[in-house]
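# Observations on chain architecture
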Amino acid sequence: MEHCDGENDYMQPEDDWDRDMLLDPAWEKQQRKTFTAWCNSHLRKAGTQIENIEEDFRDGLKLMLLLEVISGERLAKPERGKMRVHKISNVNKALNFIASKGVKLVSIGAEEIVDGNAKMTLGMIWTIILRFAIQDISVEETSAKEGLLLWCQRKTAPYKNVNIQNFHISWKDGLGFCALIHRHRPELIDYGKLRKDDPMTNLNTAFDVAEKYLDIPKMLDAEDIVGTARPDEKAIMTYVSSFYHAFSGAQKAETAANRICKVLAVNQENEQLMEDYEKLASDLLEWIRRTIPWLENRLPENTMQAMQQKLEDFRDYRRLHKPPKVQEKCQLEINFNTLQTKLRLSNRPAFMPSEGKMVSDINNAWGGLEGAEKGYEEWLLNEIRRLERLDHLAEKFRQKAAIHEAWTEGKEELLQKRDYETASLSEIKALLKKHEAFESDLAAHQDRVEQIAAIAQELNELDYYDSPSVNARCQRICDQWDALGAMTMKRTEALQRTEKLLETIDELYLEFAKRAAPFNNWMEGAMEDLQDTFIVHTIEEIQGLSTAHEQFKATLPEADKERLAILGIQNEIAKIVQTYHVNMAGTNPYTTINPQEINAKWDKVRQLVPQRDQALIEEHARQQNNERLRRQFATQANVIGPWIQTKMEEIGRISIEMHGTLEDQLTHLRQYEKSIINYKPKIDQLEGDHQLIQEALIFDNKHTNYTMEHIRVGWEQLLTTIARTINEIENQILTRDAKGISQDQLNEFRASFNHFDRKRTGIMDADDFKTCLISMGYNLGENEFSRIMSVVDPNRMGIVTFQAFIDFMSRETADTDTADQVMASFKVLAGDKNYILADELRRELPPDQAEYCIARMAPYTGPDGVPGALDYMSFSTALYGESDL
């Protein structure tokens, strides 16, 4: 079977039905009530109704009746039997009829309806509602659900607080239902008293009014809608469709009224266009009538300004007044053509304007306007050209006269100035250059003066109305021009005369500067040298200064001659100034040196020479005394320095060489110590000589390489070395006696130490010590060597002294005996066990020694986790420590 194109439009919600019916029981309740009321609104036309929607449609009889009522068609004759097969047959007839209307039934079978399946029954009724109540709704090319929603939106658009976007939550506040009723029957509801925050009142008001006045049954309960977060869409849509059908008749009447209004509006618009044309034509013709006489007026004005104002008025007419009239004329023709077209389409007679107001009449009047306009413009331009020539000539005279007067302003005062009397030569030359430029400028302005006179003559010949004032101004310009020429020549002569005098003075100034500058530099250098503080350290240096000073004194007579020659130049300048009454405005431009300064510096040089002589004599005596002190200190230092070095070497040999016993070496060293202490007075005497040298500020001594600091350091090292060497021998004796080391063993230790002390410094570095141990049979790893170094070099200096070497070697010898003793003691105390207990120690040892051993054994745990029970290694470590055995 082929279905209509709109099948999918109203079958899609049926597909949703299968899903929706599984969701919310509240929706099912709303659908039962809504669908039951909707069915009864149609069944009552046949004199019946239903109470229970899934029960009353089971036999198919009322279902077929419902379809006949809503479709207006007769269905096949129903079966009247009570058996199940009869009921299924009736329901199938109803379903087939629905399918014949282009509805595709999905998952809805006669058996489910007969069995009272509520889900399938509600789905079937919804399909019927879609097909017969909603599908045929059409609003602005939208249909079914979308058309119904658009209809609701159009009807409720003017109402505040109403925004219909769907068929569920948009209706919860009830204002949407009230707005639909008020839009079509405003007398039924006072919409202004409704409140958005009172949905129960709004809903009940709408339901009651619809049932009472619009014959729309109450299909919904206000409590169900308000109490549900999202009211059932199908129930709302079903109820709203009843409003659409109830108001469809009123909508048709409204459409007819709109059609009549449209026709009337067209007639009114045509009449308005006729009136507008008549008024616009009258106004435009009146404007043309007033304008043409103004354009035909040819009376000329006497002044250029007045004629220019006429031209400006004409430009305003062309720019401001005429363009709107051109637009009006164009719009008049457009309106006329539009009106004739509308009248023709409405089968109305053509429009005939009043006499003289036809489009052709207006075009003729407009042509006359443009003819007058063209002639008026030509007349204005010719008249302006005539006045322009005379005004241009007068303006040219005024401009040239103004330029000339502006140029001559201040020129007479400038030419009469006597600024050259106090000017320098450079300023005079600048004034001459400026004056020459003025003369050139004056000659150039001669042509302008002649042009001014020619223009004035032409204006007189043309009988210019303001000729008297032009002639007076021209005469003033000519008189002033003659006066400027005379003053220019006078100033030229004065400037040239002054220039010659100042050039002579300038040459003398330059000569003075050339000779004064080097002489002044010589005097400043001489004063600087004579006052320079000299620092010398030797007799030779002071003798060199004295020789140079004698050479300088020999140049003084020649310098005095140069001084007198320079002063003579200045005297010559003064003579010229006095003779020719030259007003000297400034000093010598080539130098800042003046005669007074030269004399003052010369006197200062003469005064400093004897002072320098005395200073050199005194310094020569001081350097002689310093040389004596140098020789005195050097004589003693050159003896004491080598003596200290010799003693240091002898002590080093005594400590390294093995002559005699340790006691013999100690005795020998103490004798050395006594002889060294007895040498102290010579050191003190040298300190006294050094103090005299320091007080004399003597910093070098070429007679010796020894300084007092060298002597002090050497003396302190000598005392320290002898004391340390004696202490080392004493410690070796103590070690020998404590460890029971024989003299031969000591000699063997010393021989090994001296062999590996490759630098002969009395100490071994770490590498030499390691080589020594390996040669003695030690098998050393890195950890073991680090342990040994921590014993012999606890300060981590990286060196091993002979005393540390002896201590280590004596301990290594003693450790073997100690280990044997510890093993024997352990076996006695442990018996047959391989460990000992604290109680055994208390029993075998004195109380204080037993508790001491127990305290040291406490941190250790013996075999098998017995607290305080120690094996041999733990026992020996507890008693002697890890580094001892």
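As shown above, the structure is provided for reference.
Treat the numbers as computed from the prediction; the structure is a model and nothing was measured.

The rules behind these values
For every chain, the first residue of its written sequence is number 1, and the numbers climb from 1 along that sequence. The model is predicted, so local features are restricted to residues of pLDDT at least 70 and side-chain atom pairs to those at 80 or more, both for listing and for counting; the totals for chains, interfaces and linings are taken over all residues. Hydrogens and water molecules were not included; the side-chain quantities draw on all heavy atoms of the structure. Any residue with an atom within 4 Å of a point lines the site, the site being either a cavity, points on a 1 Å grid over the protein atoms alone where a 1.4 Å probe fits but cannot get out, or a pocket, an open set with protein on both sides within 12 Å along at least 5 of 7 lines. Grid points are joined across faces, edges and corners, and a volume is the space filled by probe spheres set on the points. A run of H or I in DSSP becomes a helix once it reaches four residues, and a run of E becomes a strand once it reaches two; helices and strands are each numbered from the N terminus. Any carboxyl oxygen of Asp or Glu within 4 Å of a side-chain nitrogen of Lys or Arg constitutes a salt bridge here. Here's how the labels work: a residue is buried when its accessible area is under 20% of the maximum for its type, exposed when over 50%, partly exposed in between, all with a 1.4 Å probe on protein chains only. With axes taken as lines fitted to C-alpha atoms, and helix axes fitted only over the stretch in contact, angles between N-to-C directions fall between 0 and 180 degrees. An angle below 35 degrees is read as roughly parallel, one above 145 as roughly antiparallel, one from 65 to 115 as roughly perpendicular, and any other as oblique. In a left-handed crossing the near helix is turned counterclockwise from the far helix by less than a right angle, and in a right-handed crossing that turn is clockwise. Only Asp, Glu, Lys and Arg are considered charged in this grouping, and only Ala, Val, Leu, Ile, Met, Phe, Trp, Tyr, Cys and Pro are considered nonpolar; every other residue, Gly among them, is considered polar. Only heavy atoms enter the contact rule, under which two residues are in contact if any of them lie within 4.5 Å. Between N or O atoms, a polar contact is any pair within 3.5 Å; within protein, one atom must be a potential hydrogen donor and the other a potential acceptor, and residues adjacent in sequence are included only when both atoms are from side chains. In this scheme Phe, Tyr and Trp rings, the latter by its six-membered ring, pair at centre separations within 6.5 Å, and the angle between planes marks the pair as stacked below 30 degrees, edge-to-face above 60, and tilted otherwise. Two limits define a charge over a ring: the Lys NZ or Arg CZ must be within 6 Å of the ring centre, and within 35 degrees of the ring normal. To estimate how far a helix should extend, the number of its residues minus one is multiplied by 1.5 Å.

### Topic: the layout of surface pockets
Looking at the second largest pocket, its volume works out to about 370 Å³. In this structure, the second largest pocket is lined by 17 residues; those nearest its centre are Ser41, His42, Lys45, Ser242 and His245. At the level of secondary structure, the elements contributing two or more residues to the lining of the second largest pocket comprise helix 2 (25–43), helix 7 (118–134) and helix 12 (233–296). The element contributing the most residues to the lining of the second largest pocket is helix 12, with 4 residues.

### A word on the pattern of salt bridges
Summed over all chains, the structure comprises 47 salt bridges. Between Asp173 and Lys196 there is a salt bridge, with its nearest N and O atoms 2.6 Å apart. On the criterion of sequence distance, the pair formed by Asp173 in the loop between helix 8 (144–156) and helix 9 (175–184) and Lys196 in the loop between helix 9 and helix 10 (199–213) is long-range, its members being 23 residues apart. The buried category is assigned to Asp173, whose relative accessible area is 12%. Between Glu312 and Arg319 there is a salt bridge; the shortest N-O distance is 3.8 Å. A single network of salt bridges, built from pairs that share partners, joins Arg318, Lys322, Glu370 and Glu373.

### Overview of the packing of helix 16 (residues 425–461) against helix 17 (residues 467–531)
At a closest axis distance of 9 Å, the pairing of helix 16 and helix 17 adopts a crossing angle of 165°. Judged by the inter-axis angle, helix 16 sits roughly antiparallel to helix 17. The interaxial crossing formed by helix 16 with helix 17 has left-handed handedness. Looking at the contact of helix 16 with helix 17 residue by residue, the class counts come to 18 nonpolar, 11 polar and 6 charged.

### Observations regarding the environment of Phe177
Relative to the helices and strands, Phe177 resides in helix 9. Sequence-wise, Phe177 and Thr205 are 28 residues apart; in three dimensions their C-alpha atoms are separated by 9.1 Å. With near-sequence residues (within four places) excluded, Phe177 lies in contact with Trp171, Leu203, Ala206, Phe207, Leu220, Ile236, Tyr239, Val240 and Phe243.

### Remarks on the side chain of His168
Note on placement: His168 falls in the loop between helix 8 and helix 9. His168 sits in the buried class, given a relative accessible area of 11%. Within the local environment of His168, its side chain forms a polar contact with the side chain of Arg230, the two groups lying 3.2 Å apart. Leaving out residues up to four positions away in the same chain, His168 has contacts with Arg230, Pro231 and Glu233.

### Points about the packing of aromatic side chains
The tally for this structure, following the rule as stated, stands at 26 aromatic pairs. One aromatic cluster is present, built from ring pairs that chain together Phe167, Trp171, Phe177, Phe207, Tyr239, Phe243 and Phe247. Against the face of Phe132 rests Arg131, its NZ or CZ located 5.2 Å from the ring centre.

### Considerations on the side chain of Thr591
For Thr591, the location among the structural elements is in the loop between helix 19 (556–580) and helix 20 (595–656). Using a relative accessible area of 13% as the deciding quantity, one classes Thr591 as buried. In this structure Thr591 touches Phe512 and Ala513, once residues within four positions along its chain are discounted.

### As for the packing of helix 4 (residues 61–71) against helix 7
Interaxial distance between helix 4 and helix 7 falls to 11 Å at its minimum, and their mutual angle equals 10°. It follows from the interaxial angle that helix 4 and helix 7 lie roughly parallel. Contacts between helix 4 and helix 7 pair Leu63, Leu67, Ile70 and Ser71 from the former with Met124, Ile128 and Phe132 from the latter.

### Things to note about unusual backbone geometry
Working note: non-glycine residues mostly have negative phi, and peptide bonds are mostly trans. A positive phi is found at Asn161, a non-glycine position, where the angle reads about 65°. Inspection of the secondary structure puts Asn161 in the loop between helix 8 and helix 9. A positive phi is found at Arg796, a non-glycine position, where the angle reads about 55°. Following the sequence through the fold, Arg796 ends up in the loop between helix 26 (782–792) and strand 4 (799–801). Owing to a relative accessible area of 73%, Arg796 belongs among the exposed residues under this scheme.

### A word on helix 7
Between its terminal C-alpha atoms helix 7 stretches 22 Å, which fits the 24 Å expected from 17 residues at 1.5 Å a residue. Extensive coverage of helix 7 is indicated by the burial of 16 of its 17 residues.

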